[in-house]
Amino acid sequence: MRLGKAIAVCAAVVLGASACASAGVIPEDTIVIGLDEDSTGPGASYSTIAGKTVRMTVDLINQAGGINGKQVELVVENDESSPTKTPSIIRKLVDHGSSAVILATGSGSVLQAKSILQQSKIPAIAPVVLSDAFASAPDNDFSFMIPNSLKQYAQVYCGAFEKMGYKSLGILGDASASIDGIIKTLRPALEKCAIVTGVEKAPVDAADITAQVSRLAETEPDAILVASIGGHFEILAHNTLSKVTPQTQRFSLASIGNQPASWALADSKALSGMVYMGSLSENNPRTAELRRKVQAVKGPDYQLTAYDAQAYDAVMMLAEAIEIAGDHRDRTAVRDALQQVSALPASFGQDGLTLSFSSQDHLAPDSLCGLVLVEFGEDNKPAHPWDSYQPPCG
């Protein structure tokens, strides 16, 4: 596959008029890819990271000559991670002539997108969503996702709990629609290996969650899982947990490890010993290669995140599919071609992770190798892979 040059954002995004295409007609001379990026809503902390890397990757594709000799234009819309807004955003991207869509938005929004993707017959890839339901039946003919799924997260957590002898678990979550859906998916899978002693939630913008944390601590769980979209709530959760129940082992989702700007907001040693579900490994040479590419654009001090790697791989899988399809104007052909992309070496996960789609499987990782449990050190920064347990690779 060839990589290419500049990101051309369609004038329709800025001017409100369809300068790229009319009434959903896909232009012949350029390839339009739609990006639904939550840049102002609750998912902005991770969606904008992915969105910037999508732009960078399109830039690289165009610099290398485009796809099948055609330049790629990126049309950007924002659903603010609001499921009620997502269908209209998808329709806008279709009307702009998009051959496919990248969904860098919240879990609730991508789930709401499924039916409209099916109706519009436009393939979409979600680079940061974790919910298995997006890539699973029903109505998943045009829905694809890049990261390991929540059910696979549960497999890894359960492996860790068994290794450490943890029999019970408390869950502390924010009250966002995305996390509500994640907990509903994750909890039943976790209950196969641990008793859930309690679930406490608080608003994303809560200023004090001492009461919720205290109630959870009173249930005396062996471990506590923080489920949040990251940002303010995640740091507040760990600051509070480190004070109220300092001896309880804490786990987290991926958000905290991918938001380095948040680490400095934590109290001294508040993140120390906390283990989160990471997706980057130093033993993967493709991760190091992507870090160089990203730092060339975002600056030499930029901290690479899994959102970057998954966004990059999403665009590369889509580009390969469009190349296979030959005619980017046939969205169903692009979907069919996505189902032929196989064994693409991943930029995230452990070395050896490959990504594939098929007609029966729209979840990209070919194994649990996409996951790495990472422990925070006393300096409130990720220190190293957790020594106690790592997911099996292979």
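Up top is the structure these notes are about.
Residues numbered from 1 in each chain as written. Predicted model: local features only at pLDDT ≥ 70, side-chain atom pairs only at ≥ 80, totals over all residues. Heavy atoms only, no water.

(A) Structural context of the sheet that holds strand β14 (residues 372-376). Overall, mixed pairing links the 7 strands, which are arranged β8-β7-β9-β10-β11-β14-β15 in an open sheet. Sheet topology places β8 (195-202) and β15 (382-385) at the edges, where each strand pairs with a single neighbour. Strand-to-strand twist of the sheet, defined as the mean angle between neighbouring strand axes without regard to direction, takes the value 25°. Examined bridge by bridge, strand β11 (residues 275-278) and β14 share 4 bridges and lie antiparallel to one another. Bridge pairing links Val275 to Glu375 in β14. Strands in contact with helix α7 (residues 177-190) are β7 (168-174), β8 and β9 (223-227); relative to β7, the strand with the most contacts, it is inclined by about 170°. (Pairing = 2+ DSSP bridges. Helix = DSSP H or I, 4+ residues; strand = E, 2+ residues; numbered from the N terminus. Axes fitted to C-alpha atoms, helices over the stretch in contact; angles between N-to-C directions. Contact = heavy atoms within 4.5 Å.)

(B) A look at the layout of surface pockets. Within this model, the largest pocket holds a volume of roughly 370 Å³. Put simply, the parts of the chain that give the lining of the largest pocket at least two residues each are β11, β14 and β15. Of the residues contributing to the lining of the largest pocket, the split by class is 10 nonpolar, 8 polar and 2 charged. (1 Å grid on protein atoms, 1.4 Å probe; cavity = no way out; pocket = protein on both sides within 12 Å on 5 of 7 lines; lining within 4 Å. Points joined across faces, edges and corners; volume = space filled by probe spheres on them. Nonpolar A, V, L, I, M, F, W, Y, C, P; charged D, E, K, R; others polar.)

(C) Seen up close, the packing of helix α6 (residues 150-164) against α7. Closest axis-to-axis distance for the α6/α7 pair is 9 Å, and the angle between their directions is 40°. Considering their axes alone, α6 and α7 lie oblique with respect to each other. Our pair here, α6 against α7, has a crossing hand that is right-handed. Contact with α6, carried on its side by Leu150, Tyr153, Ala154, Tyr157, Cys158 and Phe161, involves Ile182, Thr185, Leu186, Ala189 and Leu190 of α7 and no other residues of that element. Looking at the contact of α6 with α7 residue by residue, the class counts come to 10 nonpolar, 1 polar and no charged. (Parallel < 35°, antiparallel > 145°, perpendicular 65-115°, else oblique. Left-handed = near helix turned anticlockwise from the far one by under 90°.)

(D) Focus on the state of the cysteines. For the coordinates displayed, the defined rule picks out 1 disulfide. Linked covalently through their sulfurs, Cys158 and Cys193 form a disulfide whose S-S length is 2.0 Å. Handedness here is read from the sign of the S-S torsion; for Cys158 and Cys193, about -75°, the answer is left-handed. Placement of Cys158 in helix α6 and of Cys193 in the loop between α7 and β8 is noted, with a sequence separation of 35 residues between them. Owing to a relative accessible area of 14%, Cys158 belongs among the buried residues under this scheme. For Cys193, a relative accessible area of 25% gives the class partly exposed. (Disulfide = S-S within 2.5 Å. Buried < 20%, exposed > 50% of the residue type's maximum accessible area, 1.4 Å probe, protein only.)

(E) Looking closely at the pairing of β11. Both faces of β11 are covered, namely the face carrying Val275 and Met277 and the face carrying Tyr276 and Gly278. Here strand β10 (residues 249-252) runs beside β11; their pairing, made up of 2 bridges, is parallel. Residue pairing across strands places Phe251 opposite Val275, the latter belonging to β11.

(F) Examining empty space enclosed by the protein more closely. Enumeration according to the criterion identifies 1 cavity of 30 Å³ or more in this entry. Considered as a void within the structure, the largest cavity measures approximately 210 Å³ in volume. Lining the largest cavity are 22 residues, and of these Tyr46, Val128, Leu130, Ser255 and Tyr307 lie nearest its centre. If you list the elements that add at least two residues to the lining of the largest cavity, you get α7 and α12 (306-325).

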